[in-house]
Amino acid sequence: MNPSNTWDQVDQYITERLIPYDAVLDEVLAANQKAGLPPHDVSPNQGKLLNIFAQMQGAGRVLEIGTLGAYSTIWLGRALPKNGKLVTLEANPTHAKIARSNISLAQLDGVVELREGDALEQLAQMKEEQVAPFDLIFIDADKPNNPYYLTWALRFSHPGTVIIGDNVIREG
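The paragraphs below set out a description of the structure included in this document. (Residues numbered from 1 in each chain as written. Predicted model: local features only at pLDDT ≥ 70, side-chain atom pairs only at ≥ 80, totals over all residues. Heavy atoms only, no water.)

A closer look at the sheet that holds strand β1 (residues 61-65)
Thinking step 1. Within the open sheet, the 5 strands sit side by side as β3-β2-β1-β4-β5. Their pairing is parallel. The open sheet terminates on both sides in strands that have one partner only, identified here as β3 (112-116) and β5 (162-165). Between one strand axis and the next, the sheet turns through 15° on average, direction left out of account.
Thinking step 2. Across the sheet, helix α7 (residues 146-155) lies against β1, β4 (136-139) and β5, angled at about 170° from β4, the strand it touches most. (Pairing = 2+ DSSP bridges. Helix = DSSP H or I, 4+ residues; strand = E, 2+ residues; numbered from the N terminus. Axes fitted to C-alpha atoms, helices over the stretch in contact; angles between N-to-C directions. Contact = heavy atoms within 4.5 Å.)

Now the structure itself:
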């Protein structure tokens, strides 16, 4: 018996138990692919992990820097309480259009605020607007700006805020 196959079987078993089939999320991924968005969505396992982190944190307010087609946005938004709020930032107008459609499909219009435009400019604008701190911040945008996004994340955090950075060691 090949140990690699055994681990693949275990992984499949765990995935099927932890992440049941979700027609909306499948439709979101299909819409993203059909629109030609880059294939950079988090995996279902990562989406579930983000959802669990938000629930463990008891997050009522989430900031996501980098929306793409809103796949991770939906995972995070579904973890919020009824009065929860998720602010997500997307620079690309085409991506934002697809994301808005996907957010509506997931029935999260009242929960998610998608801010379109350069993330650093949006973050500066949010500071001007005196936006309240967030309980969880997910950074998943253009990697060269990660140090700046982290600086902003610290400004929009409070003691206990969880900050998650995706792909922080990509390409060494």
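Okay, back to it.
Side note on the pattern of salt bridges
A side chain of one charge can pair with a side chain of the opposite charge if their charged atoms are brought near each other.
Thinking step 1. The tally for this structure, following the rule as stated, stands at 6 salt bridges.
Thinking step 2. Ionic pairing is found between Arg 115 and Glu 129, a salt bridge with its closest N-O pair at 3.0 Å. You can see Arg 115 sitting in strand β3 and its partner Glu 129 sitting in the loop between α6 (119-128) and β4, a full 14 residues away along the chain.
Thinking step 3. The shortest N-O distance in the salt bridge between Lys 143 and Asp 140 comes to 3.0 Å.
Thinking step 4. The exposure class of Asp 140 is buried, given its relative accessible area of 17%.
Thinking step 5. The network of salt bridges with shared partners includes Lys 85, Glu 113, Arg 115 and Glu 129. (Salt bridge = Lys/Arg side-chain N within 4 Å of Asp/Glu carboxyl O. Buried < 20%, exposed > 50% of the residue type's maximum accessible area, 1.4 Å probe, protein only.)

So, unusual backbone geometry
Thinking step 1. Positive phi, close to 55°, is recorded for Leu 68, a residue that is not glycine.
Thinking step 2. When you line up the elements, Leu 68 lands in the loop between β1 and α4 (71-77).

A look at the packing of aromatic side chains
Thinking step 1. By the definition in use, this model includes 3 aromatic pairs.
Thinking step 2. Here Tyr 71 and Trp 75 contribute two aromatic rings whose centre-to-centre distance is 6.4 Å and whose plane-to-plane angle is 80°, an arrangement assigned as edge-to-face. On the criterion of helical spacing, the pair formed by Tyr 71 and Trp 75 is a turn pair, its members being 4 residues apart in helix α4. Like Tyr 71, the residue Trp 75 is buried in the burial classification.
Thinking step 3. Geometrically, the ring pair formed by Trp 152 and Phe 156 is stacked, given 6.0 Å between the ring centres and 25° between the ring planes. Summarising the burial analysis for this pair, Trp 152 and Phe 156 share the class buried. (Phe/Tyr/Trp six-rings, centres within 6.5 Å; stacked < 30°, edge-to-face > 60°.)

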